[in-house]
Amino acid sequence: MRVVIAEDSALLRDGLAQLLQLRGVEVAAAVGDADALLSAVAEHRPDAAVVDIRLPPTQTDEGIRAAVRLRADHPGTGVLIFSQYVETTYAAQLLGTHPGGVGYLLKERVVDIGEFVDALERIAAGGTALDPEVVAQLFGASRRATALDALTPREREVLALMAEGRTNHAIAASFTVSERAVEKHIANIFAKLGLPPSETENRRVLAVLRYLETTG
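All figures in this text were calculated on a predicted structure; none of them were measured in a lab.

A. Spotlight on the packing of aromatic side chains. Inspection of every chain in the model, using the stated rule, returns one aromatic pair. In this structure, Arg54 is placed above the aromatic ring of Tyr85, and the distance from its NZ or CZ to the ring centre is 3.6 Å. Note that Arg154 overlies the ring of Phe175, its terminal NZ or CZ placed 4.0 Å from the centroid.

B. Molecular detail of the UniProt feature "modified residue: 4-aspartylphosphate" (unreviewed entry) in the protein chain. The residues that UniProt annotates with the feature "modified residue: 4-aspartylphosphate" (unreviewed entry) are Asp52. Note that Asp52 resides in the loop between strand E3 (48–51) and helix H3 (62–73). Excluding residues that lie within four positions of it along the chain, Asp52 makes contacts with Ala6, Glu7, Asp8, Gly63, Ile64, Phe82, Ser83 and Lys107.

C. Seen up close, the environment of Gly103. Note on placement: Gly103 falls in strand E5 (residues 102–106). Judged by its relative accessible area of 1%, Gly103 is buried. Along the chain, Gly103 and Gly127 lie 24 residues apart, while their C-alpha atoms are 8.3 Å from each other. Filtering out sequence-adjacent residues up to four positions away, Gly103 remains in contact with Val79, Leu80, Ile81, Ile123, Ala129 and Leu130.

D. Highlighting a negative patch on the surface. A cluster of acidic side chains, namely Asp112, Glu115, Asp118 and Glu121, defines a negative patch on the protein surface. Summarising the element assignment, Glu115 is placed in helix H5 (residues 113–124).

E. Spotlight on the nonpolar core. Counting 52 residues, the largest nonpolar core has Leu37, Ile81, Tyr104 and Met162 as its most contacted members. Leu16, Val25, Ala119 and Ile123 belong to the second largest nonpolar core, which has 18 residues in total.

Reading the values: the criteria
- Residues numbered from 1 in each chain as written.
- Predicted model: local features only at pLDDT ≥ 70, side-chain atom pairs only at ≥ 80, totals over all residues.
- Heavy atoms only, no water.
- Phe/Tyr/Trp six-rings, centres within 6.5 Å; stacked < 30°, edge-to-face > 60°.
- Lys NZ or Arg CZ within 6 Å of the ring centre and 35° of its normal.
- UniProt positions renumbered as here; feature names shortened; annotations may be inferred.
- Helix = DSSP H or I, 4+ residues; strand = E, 2+ residues; numbered from the N terminus.
- Contact = heavy atoms within 4.5 Å.
- Buried < 20%, exposed > 50% of the residue type's maximum accessible area, 1.4 Å probe, protein only.
- Patch = residues over 30% accessible without salt bridge, like charges linked within 9 Å, V, L, I, M, F, W, Y side chains within 5 Å.
- Areas by Shrake-Rupley, 256 points an atom, 1.4 Å probe, with all protein chains shown as cover.
- Salt bridge = Lys/Arg side-chain N within 4 Å of Asp/Glu carboxyl O.
- Lys, Arg positive; Asp, Glu negative; His and termini not counted.
- Charge placed at Lys NZ, Arg CZ, Asp CG, Glu CD.
- Core = buried A, V, L, I, M, F, W, Y, C linked by side-chain atoms within 4.5 Å.

Next up, the structure:
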């Protein structure tokens, strides 16, 4: 797996690059601003990019705005937002426009480099990896009643774990139930959200997007 890192802190940028390389990840470039990120992705065509939200010159939202542009210009490159902050507006845009191959993790909550690499691999493969706190804040921003109201508390819990990128096996382990029980919950979620089987759409991703919807 080949990645590009965009992080304005030289210490964190170099440290993350070294940790990833020790795990067998090729770091094609490690840069400190949004323009350099876009140039590096165009040059190296990485499997994924790790992007901080706040980059020079204003240290506000340059990183996540660059991530939105990156996904539009290079849809084959996954994007992992890696930040101390939750930025709901652009995050919702990023997830809503390009649901697959996107993740959002909070720096202070990542304690295992192995889990971080696993998240990167899921994103590079077109999946998602979302911190529960990010999910909570994005969902909390929604003010419109939706079909989600029809879900039972357990179905909401299952959907929240799906939004974190958990597999059925991992969800089953969290609740100490069988995978078949989880599959039944997920089938109920799909039915209540009006998501019939489709060969062209990923129902799991669409269900997560319903969960993360913030417009209203």
